[in-house]
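Report on the structure
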Amino acid sequence: MTEIKDKPGGRPVKKTLERQNRVVSTKLTKLQYYAVKRRAGEAGVKVSEYVRQAIITAEIVPRLNRQDADTIRKLAGEANNINQLAHRANAGGFALVAVELVKLKNGIVEIINQLSDDWKNKKRKRL
């Protein structure tokens, strides 16, 4: 009898890093599942491959931290100040509140720039 050695055909063995041997499970509602299934179909891939790609390429936006929330509250407070100045301008004329409006505008611009700088700095960081 002759011994049969390894056949040259067949699928090559995957490298250790290419093997998909970890499972991450999650629960979805019917609506969520069908939405994912539809998007995968539109992309022309299986649901599992669509989810894999979505996990890798997704960017998670964290919730507001305490400092950002305080800054947004300041901005809302400035809106209240604008409203009060508008009432005073209607009652006594714009000239009476012009200086205060310029100060208020500068304060609002400063707050917006602070938020913008924070957003840009956070955007550069990856989770």
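Residues numbered from 1 in each chain as written. Predicted model: local features only at pLDDT ≥ 70, side-chain atom pairs only at ≥ 80, totals over all residues. Heavy atoms only, no water.

1. Focus on the overall build of the protein
A tally of regular secondary structure across the protein gives four helices and zero strands. Taking the contacts inside the protein whose residues are at least 6 apart along the sequence as the reference set, 49% of them involve residues at least 24 apart. (Helix = DSSP H or I, 4+ residues; strand = E, 2+ residues; numbered from the N terminus. Contact = heavy atoms within 4.5 Å.)

2. With respect to the nonpolar core
The nonpolar side chains of a soluble globular protein tend to be buried, and buried together. Counting five residues, the largest nonpolar core consists of Leu85, Ala89, Val97, Leu104 and Ile108. Breaking this core down by element, the ones donating at least two residues are helix H3 (66-92) and helix H4 (98-124). If near-sequence neighbours (up to four positions away) are discounted, leucine 85 is found in contact with Val97, Glu100, Leu101 and Leu104. (Core = buried A, V, L, I, M, F, W, Y, C linked by side-chain atoms within 4.5 Å. Buried < 20%, exposed > 50% of the residue type's maximum accessible area, 1.4 Å probe, protein only.)

3. Some thoughts on the pattern of salt bridges
Following the criterion strictly, the structure yields four salt bridges and no others. A salt bridge links arginine 52 to glutamate 49; the nearest nitrogen and oxygen atoms lie 2.7 Å apart. Remark: glutamate 49 and arginine 52 occur in helix H2 (residues 47-57); sequence separation between them is three residues, near one turn of the helix. A relative accessible area of 34% means that arginine 52 is categorised as partly exposed. (Salt bridge = Lys/Arg side-chain N within 4 Å of Asp/Glu carboxyl O.)

4. Side note on the environment of alanine 86
Topologically, alanine 86 is positioned in helix H3. By relative accessible area, alanine 86 is classed as partly exposed at 35%. For the pair formed by alanine 86 and valine 97, sequence separation is eleven residues and the distance between their alpha carbons is 8.4 Å.

5. Looking at the side chain of glutamate 78
By the element assignment, glutamate 78 lies in helix H3. We note that glutamate 78 is buried and unpaired, the nearest opposite charge coming from lysine 74 at a distance of 8.4 Å. Setting aside chain neighbours within four positions, we find glutamate 78 in contact with Leu104, Ile108 and Ile111. (Lys, Arg positive; Asp, Glu negative; His and termini not counted.)

6. Focus on a nonpolar patch on the surface
A contiguous nonpolar surface patch, about 310 Å² in accessible area, is contributed by Leu28, Tyr33 and Tyr34. Relative to the elements of secondary structure, leucine 28 occurs in the segment before helix H1 (30-43). Its relative accessible area of 45% is what places leucine 28 among the partly exposed residues. (Patch = residues over 30% accessible without salt bridge, like charges linked within 9 Å, V, L, I, M, F, W, Y side chains within 5 Å. Areas by Shrake-Rupley, 256 points an atom, 1.4 Å probe, with all protein chains shown as cover.)

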